[in-house]
Number of protein chains: 2
Amino acid sequence: MIPQWVIEKKRDGQSLADDEIRAFISDYTSEIIPDYQMAALAMAIYFRGLDAREVTTLTDAMMHSGDQIDTSVLDMPTSDKHSTGGIGDKVSLLLAPMVACCGVGVPMLSGRGLGITGGTLDKLASIPGYRTDLDTNEFLDVIRECGCAITGQTASLAPADRKLYALRDVTGTVPSIPLIAASIMSKKLAEGTATLVLDVKCGNGAFMQRLEDARALAEVMIRIGSGMGRGVSALITNMEQPLGTTAGNALEVIETVEALQGKAVPDLLEVTLRLGIEMLRLTHVETDAASARKRLIETIASGQAFERFKQMVALQGGDAAALDDCNRLPQAPVVLDVLATEGGYIEGVSADGVGRAVLQLGAGRKQTTDKIDPSVGVSNLIQVGAVVSKGDLLARVHAANQAEAEVAREQVLAAIEMSGDKVAVPELVLGTVVDE
Amino acid sequence: MIPQWVIEKKRDGQSLADDEIRAFISDYTSEIIPDYQMAALAMAIYFRGLDAREVTTLTDAMMHSGDQIDTSVLDMPTSDKHSTGGIGDKVSLLLAPMVACCGVGVPMLSGRGLGITGGTLDKLASIPGYRTDLDTNEFLDVIRECGCAITGQTASLAPADRKLYALRDVTGTVPSIPLIAASIMSKKLAEGTATLVLDVKCGNGAFMQRLEDARALAEVMIRIGSGMGRGVSALITNMEQPLGTTAGNALEVIETVEALQGKAVPDLLEVTLRLGIEMLRLTHVETDAASARKRLIETIASGQAFERFKQMVALQGGDAAALDDCNRLPQAPVVLDVLATEGGYIEGVSADGVGRAVLQLGAGRKQTTDKIDPSVGVSNLIQVGAVVSKGDLLARVHAANQAEAEVAREQVLAAIEMSGDKVAVPELVLGTVVDE
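Small disclaimer: the values here were computed from a predicted structure and weren't measured.

Time to look at the overall build of chain A. The helix and strand tally for chain A stands at 17 helices and 12 strands. The C-alpha atoms of chain A give a radius of gyration of 22 Å, which matches the 22 Å a tight globule of 436 residues would have. Its C-alpha atoms give chain A principal-axis dimensions of roughly 65 × 45 × 40 Å. Taking all 436 residues of chain A together, the buried fraction comes to 57%. On chain A, roughly 16400 Å² of surface is accessible, and the fraction owed to carbon and sulfur atoms is 49%.

Here is the structure:
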């Protein structure tokens, strides 16, 4: 295979042969093909796309560039959830123990956050002692013990994707649906889950801002999963406003604990349930949505899900007692109330705007090398559809110092749009895409 | 400047600002921007193009990435010719001394060949002793002495182009009109010529195979030259069949000598004259085509041009006596006649087919690191429009051994198309593009 011929072929709009894709990825992983040829190919793919066969082969090649975890040794149905990233998205933390309580193993390899979207690992890392670096055996042992584990992707998993992902970030080739789909699916399939539910976020706080793009991405990922014998379905969920009422790492752990104690705000609970229903259906643990929903709610009502969450945290080295007494979690020194300057209906709470404020506070990374502050963020965030009077609490800013708190207060205020007219609570699930 | 933002801007079809282009090229030259970002930008440019301002700025930035030769010290009008590359194209060898005889300085920095198109430097290097590595002072001295010099581009001239050219070759980003135009023009303008005539080859043996592409390339290059205060015009010439009757390095030197002795085949002479007329007009040495043509022909008829060529060769260290006695030039051990297997009219002599045969014989480079054999090639090549009988000579193959000679004979035969009907001699000049 001559790399530039493969690049030229794609540049000219032709389909690449399976062996061309496999050889390119294999040689890229082993550094026979340099970054500049992969960058040129990625840009050609940005413009020309990949057909269903090509993207499946690309995913398979990236998945096989490193180790794969064999979850069949667990001897239980397995399901994972992947979100394309949003603001205040702590769903994984609730969902994993809830689904595990229903007898489904949840092998969840998660990522750190970059930009305005928070990472599940960063949230869990705010619990003192919590290890996000389990090796494969430890990972499987935790699932065996409590039904779920959430840890970081090891270096040996899909190394081709790791290289390509970093390269795309600096070569303007991130927003390509086939490349995004192959990246997500190669990692998720390498982790060995038999089934997978995708939460494709759509809105101003998400990577995909248009419904048709979100749907296209979902369809490509489902086709890949189906082509590789895994059950995959997708929800497209609203990311115009943050999910739940907190954004920031320890603050989101606290909201998770409250949700597992039965005090979830409706949007967070509903998205979690809808994703959980899909996981139970895909694994055939439940066949209809109503009974799946009932069973999932029961895991919260019975207190089982919260116990399971604490068990998982403890098994991964975390201070489970901090979940019973959240004062043991990192606390920001300055807490500032954001108050309504006028009365009215909340028409918009920009996920992007809140995300930027939280990033600015230090809860996220502008660059992969940035350190994050687990204590800072926003809590008590008002939601679209609420009615407030002047002086009511719109949000509470948690900051490292007074100056940053005041900047964030203005940013949060600017993210909130008011209306004189009554505003409906927005649709949460914008679409469902299932394998046919 | 954040490189990936510039890449994204071009990817999304926006125009780049002048300072973005200049910073990108400057940082690429000094290796602050790595190859992978330049490769991604080049591919984005392939798809999105560059407007007139952007391509002029890019050319200027690449030209200013290294040294520029100041030909004003010569105190004479200067003109150069650049060809986009063809088969059997020895025009530079004739043209430089002819134009120099008319009082125009010809500062010609030329390149080595790659692929089927031969390089002017490789042809001259077949003359024993000829130096293609003059430094700038030597280069100017030779022009001062005899009016023309043909040598290789030094490493300090347009280093950004040198890097980008090598990168494009391996990243599928060669066939981009703005990138081709900027590459050619940055080198040619750095060499300091006041005026420039472009010979844009069009046909199966050329890079540009469609007239509209050749015209578009010519127009972009003329606009760049005009934007930078240089007089530039272009001829689009036919490269469906090789130019002249030889292809191969020493063989083309012999054809040059014969042409300078008044025995040029019509197509070679006509293309040379048409380009020379433009050079005399651009430098205002002649104002009308007829008198320019007359003057150029006179340089051959008087023997002056041949003397000037020998003088240049001698000044550049070459064995000028080998031009009087061509047996001193490298000779191939095996010479094989290619005879007509049937009678008829010659309908086509594929420049691409002959070029591949000659490359296969060892006269060119498949890769930049290949060594070439100066003695091999094809001579006595029949031309379109000729009528032949069975057994007539169609070409003569010069090879390193019998086996290669026989392979080449079949390739040359396959490149020649016959017809039962009379065939017209093809148009030589397909178009003229001048600065308006």
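Its rotation angle being 179°, the transformation that places chain A on chain B also includes 0.0 Å of axial translation and leaves an RMSD of 0.0 Å. In the structure described here, the two chain copies are related by an operation that fits a two-fold rotation axis. Measuring from the rotation axis to each C-alpha of chain A, the shortest distance belongs to Tyr36(A), at 1.9 Å. The fraction of interface residues of chain A whose copies in chain B are also interface residues reaches 100%, indicating that both copies meet through the same surface.

Moving on to the packing of aromatic side chains. Going through the model one piece at a time under the given rule, you end up with three aromatic pairs over all chains. Ring centres of Tyr46(A) and Phe47(A) lie 5.1 Å apart, and the angle between their planes is 85°; this geometry places the pair in the edge-to-face category. Among the residues examined, Tyr46(A) registers a relative accessible area of 23% and is labelled partly exposed. Judged by relative accessible area, Phe47(A) falls into the partly exposed class, the value being 22%. Lying over the aromatic face of Tyr28(B), Lys163(B) brings its terminal NZ or CZ to 4.2 Å of the ring centre. Here the guanidinium or amino end of Lys310(B) rests over the ring plane of Phe306(B), the centre of that ring lying 4.4 Å away.

Often the size quoted for an interface is simply the accessible area lost on bringing the parts together. In this assembly, 22 residues from chain A lie in contact with 22 residues from chain B. Summed over both partners, the interface of chain A with chain B buries about 1700 Å², with 70% contributed by carbon and sulfur atoms. Three residues, Arg11(A), Tyr36(A) and Phe47(A), lead the burial of chain A against chain B; their summed loss comes to 35% of the area buried on that side. Along the contact surface separating chain A from chain B lie zero salt bridges. Taken together, the connections running from chain A to chain B amount to four residue pairs in polar contact (both at pLDDT 80 or more). Those elements giving two or more residues to the side of chain A that touches chain B turn out to be helix 1 (3-11), helix 3 (35-48) and helix 8 (159-169) of chain A.

Cut-offs and rules
Residues numbered from 1 in each chain as written. Chains lettered and ligands numbered in written order. Predicted model: local features only at pLDDT ≥ 70, side-chain atom pairs only at ≥ 80, totals over all residues. Heavy atoms only, no water. Helix = DSSP H or I, 4+ residues; strand = E, 2+ residues; numbered from the N terminus. Rg over C-alpha atoms; globule rule 2.2 N^0.38 Å. Buried < 20%, exposed > 50% of the residue type's maximum accessible area, 1.4 Å probe, protein only. Areas by Shrake-Rupley, 256 points an atom, 1.4 Å probe, with all protein chains shown as cover. Least-squares fit on C-alpha atoms with pLDDT ≥ 70 in both. Contact = heavy atoms within 4.5 Å. Phe/Tyr/Trp six-rings, centres within 6.5 Å; stacked < 30°, edge-to-face > 60°. Lys NZ or Arg CZ within 6 Å of the ring centre and 35° of its normal. Buried area = accessible area lost by both parts, 1.4 Å probe. Salt bridge = Lys/Arg side-chain N within 4 Å of Asp/Glu carboxyl O. Polar contact = N/O pair within 3.5 Å; in protein donor to acceptor, adjacent residues only side chain to side chain.

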